[in-house]
Amino acid sequence: MKNIFAISGSLREGSSNHNILKFLGKMMPSGINYTIYGGFRDIPAFDPEIDNNISPALVADLRERLAQADGIIICTPEYAFGVPGALKNALDWTVSSGSFSGKPTALITASTGGENAHEALIKILGAIDAKLSPETTVLIQFVRSKMNSDGIVTDRDTVQKLKTLTEAFINSL
Ligand SMILES: Cc1cc2nc3c(=O)[nH]c(=O)nc-3n(C[C@H](O)[C@H](O)[C@H](O)COP(=O)(O)O)c2cc1C
């Protein structure tokens, strides 16, 4: 059994990114234990002063979940031409723990535009040594027009891109 840990960069109720992660969950082959992370909202602001000695419980929990993961999927929108603060904050807590180091990782940026966050995340994930490749990275623009009101991805091209990415990601585990 392989563990896949999925993280949404949007906390919004009915988030397109969360819906994409649910959609990916349905595509996972047998033998995969797929979990969407729900603890983002309450992770405290990153503080290098306490990073290595008294890290907060939610940070320790996140690091433990990342450690248990065989692969990580990040699916996020862009806010104000950048990476959403909650996601960036969580990633900052993983720099010293090396939680992403060598881990097969998929990055989906699903937003209106999203180019800036996507490019920034490729750099950030590179800096924390995540195992990312062009095959496990996709930018989905105008995301809300690509799903229906039930949060199901309806755009054929997007469905195909997500399938291709999922296959490449599973093969990289
Ligand atoms: C505060 C705010 C800032 C945003 N800034 C951007 C932006 O810079 N670039 C972009 O592509 N979309 C931007 N958006 C639009 C989001 O991409 C869009 O709302 C997306 O659907 C959010 O993802 P979600 O549906 O998973 O919550 C912004 C949305 C909000 C609420």
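It should be emphasised that the depicted structure is a prediction, and the values quoted were computed from it without experimental measurement.

Colleague: Sorry if this is basic, but what is going on with the side chain of Ser111 here?
Modeller: Relative to the elements of secondary structure, Ser111 occurs in the loop between strand 4 (105-110) and helix 4 (115-127). Those residues in contact with Ser111 that lie beyond four places of it in its chain are Pro77, Glu78, Ile140, Gln141, Phe142 and Val143.

Colleague: Is there a simple way to explain helix 1 (residues 16-27) in this structure?
Modeller: Given 3.6 residues per turn, any residue in an α-helix points the same way as the ones three and four places further on. Compared with an ideal rise of 1.5 Å per residue, which puts 12 residues at 16 Å, helix 1 spans 17 Å between its outermost C-alpha atoms and is within 8% of the ideal. Where helix 1 is concerned, the buried positions are Ser16, Asn17, Asn19, Ile20, Leu21, Phe23 and Leu24. Between a side-chain oxygen at the N-terminus of helix 1 and the backbone nitrogen of Asn17 the separation is 3.0 Å; the capping residue is Ser15.

Colleague: What am I meant to see in the site of the ligand here?
Modeller: Taken together, 15 residues surround the ligand, and among them Arg12, Ser15, Ser16, Ser111 and Gly113 come closest. Gly114 is positioned with one of its backbone polar atoms (N or O) 3.1 Å from an oxygen atom of the ligand. For the ligand, the protein covers 70% of the area, taking 620 Å² as the surface of the free molecule. In terms of residue class, the shell around the ligand is built from 4 nonpolar, 8 polar and 3 charged.

Colleague: How should the pattern of salt bridges be read in this particular structure?
Modeller: When the charged atoms of two side chains lie near each other, side chains of opposite charge can form a pair. Considering all chains together, one arrives at 4 salt bridges under this definition. Between Asp51 and Arg63 there is a salt bridge, with its nearest N and O atoms 2.6 Å apart. Of this pair, Asp51 sits in the loop between strand 2 (32-36) and helix 2 (57-68) while Arg63 sits in helix 2, and the two are 12 residues apart along the sequence. Taken individually, Asp51 and Arg63 each receive the classification buried, so the pair is uniform in this respect. For Lys88, the salt bridge is made with Asp92, and the minimal N-O distance between the two is 2.7 Å. Here Lys88 and its partner Asp92 are both found in helix 3 (residues 85-93), 4 residues apart, which amounts to about one turn of the helix.

Colleague: Hey, could you run me through the pairing of strand 4 in this one?
Modeller: Within a regular beta strand, the side chains point alternately toward one face of the sheet and then the other, so they alternate between its two faces. Counting buried positions along strand 4 gives 6 out of 6 residues, so the element sits mostly inside the fold. Two elements, strand 3 (residues 71-76) and strand 4, share 5 bridges in a ladder whose sense is parallel. When the sheet's bridge partners are listed, Thr76 is paired in strand 4 with Thr109. The parallel pair strand 3 and strand 4, bridged by helix 3, forms a crossover whose chirality is right-handed. With 4 bridges joining them, strand 4 and strand 5 (residues 137-140) adopt parallel strand pairing.

The rules behind the values
Residues numbered from 1 in each chain as written. Predicted model: local features only at pLDDT ≥ 70, side-chain atom pairs only at ≥ 80, totals over all residues. Heavy atoms only, no water. Helix = DSSP H or I, 4+ residues; strand = E, 2+ residues; numbered from the N terminus. Contact = heavy atoms within 4.5 Å. Expected span 1.5 Å × (residues − 1). Buried < 20%, exposed > 50% of the residue type's maximum accessible area, 1.4 Å probe, protein only. Polar contact = N/O pair within 3.5 Å; in protein donor to acceptor, adjacent residues only side chain to side chain. Near = heavy atom within 4 Å. Areas by Shrake-Rupley, 256 points an atom, 1.4 Å probe, with all protein chains shown as cover. Nonpolar A, V, L, I, M, F, W, Y, C, P; charged D, E, K, R; others polar. Salt bridge = Lys/Arg side-chain N within 4 Å of Asp/Glu carboxyl O. Pairing = 2+ DSSP bridges. Right-handed = clockwise from strand over helix to strand, strands pointing away.

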